[in-house]
Amino acid sequence: MNPELFVKRKNVPVSIIGLEYSGKTTFLNWLIKQRFTRPKPTVGYNFEVLEVANMHINIFDLSGHEKFRENIWKNFVQSSVGIVFFVDSSDKNKLKKSAKWFWKVVNEWLQEIYSEYALLFIANKADLKNSLDLETIIRTFDLYKMSKYSNISFQIFKTSIKEELNIKTAFQWLVNKLNSITKNQQKDIHALIISDKFSNTLYSHDPHNISSDHELLSGFVNAISSFSNELLGYENLKLVRLGKYYVLISQEQSYSVAIFSLSETNLPEARRIIYNIHRKIKDSQKKILSTEDYQTIVKQFIF
């Protein structure tokens, strides 16, 4: 199950995750209908688009059951700019398991891409009598450690969707952070080149005309990548400086993707774009892709 994630200037993907029955779909429905509902359990994921603050926020509400946590969460989380992590503050028995998945997201998935994220932690169901206080939840999850993650903007709220406690405030925090992150990233990609291992150009996106010969540019990129492998050892992702450009190069088995940018502030978004392009190429049912196939894939993320 693979999401179509549109990562454009005004299209911002957000994943809502958490264990089952923590209130994820109730939250999504509240955002859409502005009222409390009792939804059916989610199978797979729900998808909605919200237009807020000059952004189209693509919201993916992911099922919290074990097979979905293990099989679909990672792709969605790593492709998102915002993550909303839900916890049922009244269910003490699930806190340790919930904490395990929270730190898997933070320590493994978000650091693997090392892009910039907004992470909203919601301790839900504050209206219930057995709801734990915020200090206990912070201590149980060891949330004080979040201050050391420079690529994650983090905030925690204790909420009740039923009583509309802190829901508007929490969502507004997320919207503000998403706006800030997307502005900082700028997403002005000067060029993108996909080439095979023989330096043949499979696809090029060069709106700023940085080169009149893309075959030569592909050969140059692959030469830099090979030289880096010999000098520093093989790495899938490399960052080199070429004149005034930062060039992020990512290699897979038979092809490479290179993104050219004038600013370091674009690099986190370049990483996310490259990650998504690789994922879409891998997910393709075709063994050999045409130029039009590559264009269709790239168009989802940078046009």
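Predicted, not measured: the structure shown is a model, and the values here were computed from it.

## Focus on the nonpolar core
Most often, soluble globular proteins keep nonpolar side chains buried together rather than apart. Core analysis: the biggest nonpolar cluster contains 36 residues, and Phe 102, Phe 121 and Phe 141 have the highest contact counts within it. When contributions to this core are tallied by element, the ones reaching two or more residues are β3 (55-62), α3 (73-79), β4 (82-88), α4 (95-113), β5 (117-124), α5 (134-141) and β6 (152-158). Counting residues per element, this core draws most heavily on α4, which supplies ten residues. The residues touching Phe 141, leaving out its near neighbours within four places in the chain, are Phe 85, Val 87, Leu 95, Ser 98, Ala 99, Phe 102, Trp 103 and Phe 121. Ile 16, Val 81, Phe 157 and Leu 174 belong to the second-largest nonpolar core, a separate cluster that totals 27 residues.

## Section: empty space enclosed by the protein
Under the defined criterion, the tally for this structure stands at two cavities of 30 Å³ or more. Considered as a void within the structure, the largest cavity measures approximately 70 Å³ in volume. If you go around the largest cavity, the residues you meet are Leu 19, Glu 20, Ser 22, Phe 86, Val 87, Asp 88, Asp 91, Lys 94, Leu 95 and Ser 98. Considering each element in turn, the lining of the largest cavity owes the most residues, three residues, to β4. For the lining of the largest cavity, the residue count by class is four nonpolar, two polar and four charged. Taken as a whole, the second largest cavity spans an internal volume of roughly 30 Å³. Taken together, Val 14, Ile 16, Phe 27, Leu 31, Ile 59, Val 84, Phe 171 and Leu 174 make up the lining of the second largest cavity. Elements that contribute at least two residues to the lining of the second largest cavity include exactly β1 (11-18), α1 (24-33) and α6 (167-185). Residues belonging to the lining of the second largest cavity are distributed by class as follows: eight nonpolar, no polar and no charged.

## As for the pattern of salt bridges
Considering all chains together, one arrives at eight salt bridges under this definition. A salt bridge links Asp 88 to Lys 125; the shortest N-O distance between them is 3.3 Å. Of the two residues, Asp 88 sits in strand β4 while Lys 125 sits in the loop between β5 and α5, which places them 37 residues apart along the sequence. Take Asp 88: its relative accessible area is 14%, and that puts it in the buried class.

## Observations concerning the sheet that holds β5
Within the open sheet, the six strands sit side by side as β2-β3-β1-β4-β5-β6. Their pairing is mixed. Across the chains shown, the open sheet's two edge strands, defined by having one partner strand only, are β2 (45-52) and β6. Adjacent strand axes in the sheet meet at a mean angle of 20°, parallel and antiparallel pairs treated alike. Its contacts with the sheet put α4 on β1, β4, β5 and β6, and the angle it makes with β4 is roughly 170°.

## Examining the sheet that holds strand β7 (residues 191-196)
Strands sit in the order β8-β7-β11-β10-β9 across an open sheet of five strands; the sheet is antiparallel. Of all the strands in the sheet, the pair left with one neighbour each is β8 (201-205) and β9 (237-242). Averaged over all neighbouring strand pairs, the angle between strand axes comes to 15°, with direction disregarded. Looking at chain direction, β7 and β8 are connected through four bridges and run antiparallel. If you follow Ser 195 over to β8, its bridge partner there is Thr 201. Along the sheet face, helix α9 (residues 291-302) touches β7 and β8 and points at about 35° away from the line of β8.

## Points about the confidence of the model for the protein chain
Averaged over every residue, the pLDDT of the protein chain is 85; the share at 70 or more is 91%. Counted against residues more than four places away or in other chains, residues 1-9, with its pLDDT under 50, gives 43 contacts.

## Brief notes about α9
Between the first and last C-alpha of α9 there are 16 Å, a value that for twelve residues agrees with the 16 Å anticipated at 1.5 Å per step. Listed in full, the buried residues belonging to α9 are Asp 293, Tyr 294, Ile 297, Val 298, Gln 300, Phe 301 and Ile 302. Looking straight down α9, one finds its buried side chains confined to an arc of 165°; they lie on one side. Across from the buried face of α9, at angles greater than 90 degrees, the exposed residues are Glu 292 and Thr 296.

## Digging into the packing of aromatic side chains
Here the structure, examined in full by the defined rule, presents 18 aromatic pairs. Between Phe 121 and Phe 154, the ring centres sit 6.4 Å apart and the planes meet at 65°, which makes this aromatic pair edge-to-face. Here Phe 121, found in strand β5, pairs with Phe 154, found in strand β6; they are 33 residues apart in sequence, far enough to count as distant. For Phe 154, a relative accessible area of 21% puts it in the partly exposed group. Each member of the aromatic cluster is reached from another via a ring pair, and the members are Phe 85, Phe 102, Trp 103, Phe 121, Phe 141, Tyr 149 and Phe 154. Lying over the aromatic face of Tyr 246, Arg 241 brings its terminal NZ or CZ to 4.2 Å of the ring centre.

Conventions adopted
- Residues numbered from 1 in each chain as written.
- Predicted model: local features only at pLDDT ≥ 70, side-chain atom pairs only at ≥ 80, totals over all residues.
- Heavy atoms only, no water.
- Core = buried A, V, L, I, M, F, W, Y, C linked by side-chain atoms within 4.5 Å.
- Buried < 20%, exposed > 50% of the residue type's maximum accessible area, 1.4 Å probe, protein only.
- Helix = DSSP H or I, 4+ residues; strand = E, 2+ residues; numbered from the N terminus.
- Contact = heavy atoms within 4.5 Å.
- 1 Å grid on protein atoms, 1.4 Å probe; cavity = no way out; pocket = protein on both sides within 12 Å on 5 of 7 lines; lining within 4 Å.
- Points joined across faces, edges and corners; volume = space filled by probe spheres on them.
- Nonpolar A, V, L, I, M, F, W, Y, C, P; charged D, E, K, R; others polar.
- Salt bridge = Lys/Arg side-chain N within 4 Å of Asp/Glu carboxyl O.
- Pairing = 2+ DSSP bridges.
- Axes fitted to C-alpha atoms, helices over the stretch in contact; angles between N-to-C directions.
- pLDDT = per-residue confidence, 0-100.
- Expected span 1.5 Å × (residues − 1).
- Arc of directions from axis to C-beta.
- Phe/Tyr/Trp six-rings, centres within 6.5 Å; stacked < 30°, edge-to-face > 60°.
- Lys NZ or Arg CZ within 6 Å of the ring centre and 35° of its normal.

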